[in-house]
Amino acid sequence: MLLSVNADCYTIWGYRREILLSLKSQKAPEEIKDLFAAELKFLEGILQHWPKSYWVWFQRQWVAEHHEIDFAHELVLCSLMHKADSRNFHCWNYRRFAAAKAKATAESELAITMSLIENDPSNYSAWHYRSILLPRKFSDAPDELSAAISEEFDLIKQAIWTDPSDQSAWLYHHWLVGVRKRTDKAQLMETIEQELGSCDELLAEEPNSRWAILTKALLNLEKGDFDSDALSSDLKKLQELDPLHKNYYESLLHRVNHTAV
């Protein structure tokens, strides 16, 4: 079959959908159930060889939208796919769709992300999903969200120390600071001081950690009360460590100079 050789042949997928809809209009309910069950099984086989094909995942979602399926099974399928490739963003997108249809709780999905992060702390997709789930879980409980964010800072510290050069954890750290700023300004300065201390602690062991130096600089700029000479020195060091982003660090230097005036 052509799709087994090239799953990205979107024209054939389009024809396949037209055929399925035509057959659906002609068959009895039990036959329709078998028809779509066979399509899902076919797609699972294709996914084993084409796990990152946009069109295969699109076809599976199309089936889910045109026929009643077991979304709990879909979440199990996603978990199996995560084991093969935990960063497959097609699978993550489909998981969010399936989780919503299955009415999966934020708590259960957070547990999935934790399992994946424990296996691979650099799993950016899992960190990103946490950034979606946490605000959803505590949408009506700001105090509980604040407490959860504090726990996330402890969690992300472990990931950062595991691999200080991995950007996934640092980007999530940046998100956490942003959430604290938006939702709990009373604790913002305390959080900044705490995280500056964590950066200094790491830099004592890894003095050339680019992400630690950058995070320290951004925290100081957010704080507003900083040693401009020390901060300028850090940014100039970043320009040497990371020349590809030299202009970005130069823009931060301008901010430092403007603030110091």
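The preceding data block contains the structure.
Bear in mind the structure is a predicted one, so any value in this text is a computation, not a measurement.

A. Spotlight on the packing of helix α7 (residues 106–119) against helix α8 (residues 124–137). α8 packs onto α7 with a crossing angle of 155 degrees between their chain directions and a minimal axis gap of 9 Å. Taken together, the axis directions place α7 and α8 in an arrangement best described as roughly antiparallel. Here α7 and α8 pass one another in a crossing that is left-handed. In this structure, α7 contributes Ala 106, Glu 107, Glu 109, Leu 110, Thr 113, Met 114, Leu 116 and Ile 117 to the contact, and α8 contributes Ala 126, Trp 127, Tyr 129, Arg 130, Leu 133, Leu 134 and Lys 137. Classifying every residue of the contact of α7 with α8 gives ten nonpolar, one polar and four charged.

B. View of the packing of helix α12 (residues 210–223) against helix α13 (residues 228–241). Relative orientation of the contacting elements α12 and α13 amounts to 145 degrees, with a least axis distance of 10 Å. Here the hand of the crossing between α12 and α13 comes out left-handed. Here α12 contributes Arg 210, Ile 213, Leu 214, Lys 216, Ala 217, Asn 220 and Leu 221 to the contact with α13, which in turn contributes Leu 231, Asp 234, Leu 235, Lys 237, Leu 238 and Leu 241. Across the contact of α12 with α13, the residue classes break down as eight nonpolar, one polar and four charged.

C. Up close: the environment of Ala 106. Position of Ala 106 relative to the elements: it lies in helix α7. Ala 106 gets classed as buried once you look at its relative accessible area, which sits at 13%. Separated by 59 residues in the primary sequence, Ala 106 and Ser 165 have C-alpha atoms spaced 30 Å apart.

D. Spatial organisation of the nonpolar core. Counting residues in hydrophobic clusters, the biggest one holds 75 residues, and the most contacted among them are Tyr 94, Ile 156 and Leu 235. In contact with Ile 156, not counting residues within four places along its chain, are Trp 127, Ala 169, Tyr 172, His 173 and Leu 176.

E. Helix α6 (residues 89–102), seen in detail. Compared with the 20 Å implied by 1.5 Å per residue over 14 residues, the 19 Å span of α6 between its first and last C-alpha is a close match. Buried residues of α6: His 90, Cys 91, Trp 92, Tyr 94, Arg 95, Phe 97, Ala 98 and Ala 99, and no others. In this fold, the buried residues of α6 make contact with α4 (54–66), α5 (71–84), α7 and α8. Capping the start of α6 is the job of one residue whose side-chain oxygen sits 3.0 Å from the backbone nitrogen of His 90: Asn 88.

F. Spatial organisation of the pattern of salt bridges. In total, this model carries 13 salt bridges according to the counting rule given. Of the charged contacts in the structure, one is a salt bridge between Arg 60 and Glu 74, with a shortest N-O distance of 2.6 Å. Taken together, the residues Arg 60 in helix α4 and Glu 74 in helix α5 connect sequence positions 14 residues apart. The two residues Arg 60 and Glu 74 agree in class, both being buried. The residue Glu 222 makes a salt bridge to Lys 181 at a minimum N-O spacing of 3.2 Å. Taken together, the residues span a long stretch of sequence, with Glu 222 in helix α12 and Lys 181 in helix α10 (residues 167–183) at a distance of 41 residues. With a relative accessible area of 37%, Lys 181 lands in the partly exposed category. Each of Glu 44, Arg 60 and Glu 74 takes part in one network of salt bridges that share partners.

Cut-offs used in this document
- Residues numbered from 1 in each chain as written.
- Predicted model: local features only at pLDDT ≥ 70, side-chain atom pairs only at ≥ 80, totals over all residues.
- Heavy atoms only, no water.
- Axes fitted to C-alpha atoms, helices over the stretch in contact; angles between N-to-C directions.
- Helix = DSSP H or I, 4+ residues; strand = E, 2+ residues; numbered from the N terminus.
- Parallel < 35°, antiparallel > 145°, perpendicular 65-115°, else oblique.
- Left-handed = near helix turned anticlockwise from the far one by under 90°.
- Contact = heavy atoms within 4.5 Å.
- Nonpolar A, V, L, I, M, F, W, Y, C, P; charged D, E, K, R; others polar.
- Buried < 20%, exposed > 50% of the residue type's maximum accessible area, 1.4 Å probe, protein only.
- Core = buried A, V, L, I, M, F, W, Y, C linked by side-chain atoms within 4.5 Å.
- Expected span 1.5 Å × (residues − 1).
- Polar contact = N/O pair within 3.5 Å; in protein donor to acceptor, adjacent residues only side chain to side chain.
- Salt bridge = Lys/Arg side-chain N within 4 Å of Asp/Glu carboxyl O.

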